[in-house]
Amino acid sequence: MAIDRRVVRTRTALYDALVALIRAKDYEAITVDDILDEANVGRSTFYAHFTSKDDLLQRSLERLRDLLVGVRQGALDGVEGGWDPARALFEHVGEYADVQAALAGGHGGAVLREAVDKVLADVLRQTMGAGPAGGLPRELVIQHMVATFNTTLRWWREHRPAMAPAEADALFRQLLLRGLPADVATPFIGADERVVKSLSGA
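Residues numbered from 1 in each chain as written. Predicted model: local features only at pLDDT ≥ 70, side-chain atom pairs only at ≥ 80, totals over all residues. Heavy atoms only, no water.

Under the annotation held in an unreviewed UniProt entry, the chain carries the name AcrR family transcriptional regulator and is attributed to Aminobacter ciceronei.

**Q** Before we go on, may I ask you to explain the UniProt feature "DNA-binding region" (unreviewed entry) in the chain in this structure?
**A** UniProt records the feature "DNA-binding region" (unreviewed entry) at residues 31-50, using the numbering of this structure. Secondary structure content for residues 31-50 is 75% helix and 0% strand, and the end C-alpha separation is 14 Å. (UniProt positions renumbered as here; feature names shortened; annotations may be inferred. Helix = DSSP H or I, 4+ residues; strand = E, 2+ residues; numbered from the N terminus.)

**Q** Before we go on, may I ask you to explain the environment of His107 in this structure?
**A** Along the chain, His107 falls in helix α8 (residues 107-127). For the pair His107 and Tyr27, spaced 80 residues apart in sequence, the C-alpha to C-alpha distance is 8.0 Å. Those residues in contact with His107 that sit more than four places away from it in its chain are Tyr27, Glu28 and Asp54. (Contact = heavy atoms within 4.5 Å.)

**Q** Help me out: how do you make sense of the side chain of Ser60 in this one?
**A** Take Ser60: it is sitting in the loop between α4 (53-59) and α5 (62-76). Assessed through its relative accessible area of 15%, Ser60 is described here as buried. In this structure the side chain of Ser60 is engaged in a polar contact, spanning 2.5 Å, whose partner is the backbone oxygen of Leu57. (Buried < 20%, exposed > 50% of the residue type's maximum accessible area, 1.4 Å probe, protein only. Polar contact = N/O pair within 3.5 Å; in protein donor to acceptor, adjacent residues only side chain to side chain.)

**Q** Please explain the packing of aromatic side chains as it appears in this structure.
**A** Where two aromatic rings form a pair, the distance of their centres and the angle of their planes describe that pair. One pass over the full model with this rule turns up seven aromatic pairs. Judged by centre distance (5.0 Å) and plane angle (85°), the rings of Phe46 and Tyr47 are edge-to-face. Aromatic rings pair up to connect Tyr15, Phe46, Tyr47 and Phe50 into one cluster. Geometry around Tyr27 places Lys53 over its ring, the cationic atom sitting 4.2 Å from the centre. (Phe/Tyr/Trp six-rings, centres within 6.5 Å; stacked < 30°, edge-to-face > 60°. Lys NZ or Arg CZ within 6 Å of the ring centre and 35° of its normal.)

**Q** Which parts of the structure should I look at to understand the packing of helix α6 (residues 85-95) against helix α10 (residues 165-178)?
**A** If you want to describe how two helices pack, look at the angle between their axes and the distance between the axes. One can describe the packing of α6 onto α10 by two numbers: an axis separation of 9 Å at closest approach and a directional angle of 135°. Considering their axes alone, α6 and α10 lie oblique with respect to each other. Note that α6 runs across α10; the crossing there is right-handed. Within the contact between the two elements, α6 uses Ala86, Arg87, Phe90 and Glu91 and α10 uses Pro165, Ala166, Ala168, Asp169 and Phe172. (Axes fitted to C-alpha atoms, helices over the stretch in contact; angles between N-to-C directions. Parallel < 35°, antiparallel > 145°, perpendicular 65-115°, else oblique. Left-handed = near helix turned anticlockwise from the far one by under 90°.)

Written out as structure tokens, the structure is:
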């Protein structure tokens, strides 16, 4: 257990160092030496855990995975609030909005988006059954949920940054659970009567 705690402390120090540096300078300008100095960790220790700066950024999302798993476990244990990973994700993004903004548009932003997508998809796979989801292919449903989350997240940060995480979550929930009105969707997919009835719930 002592070894495990040391590993956690070391990784946490490195994760926190990277976040602090991202808040202070461009991600592309950050070096491994900068991270070592900020975290007060030796080079051999760094490379015992991570292969590069990008690897550190990507794996820093393990804390997000732990957050979502904790939310799920809390729901299983009967904690008030239930299983709501989307709300937890939006709140997490709101807390680190300045880091997201600093990384946006650059290489670090691409690394972060890929890591977030992987964490969310993995958590969804753990919570969904192995078979089709509502008659649809399971992986298609997972990709749809991840894409809808990303679309809502990007719109929120670019167009309504002052909006509270709970409001962004409500919009995401509406898109995911209710979809689009038939008169909005049909110009894109065509006016096939069967499709219109399906969209309208007729």
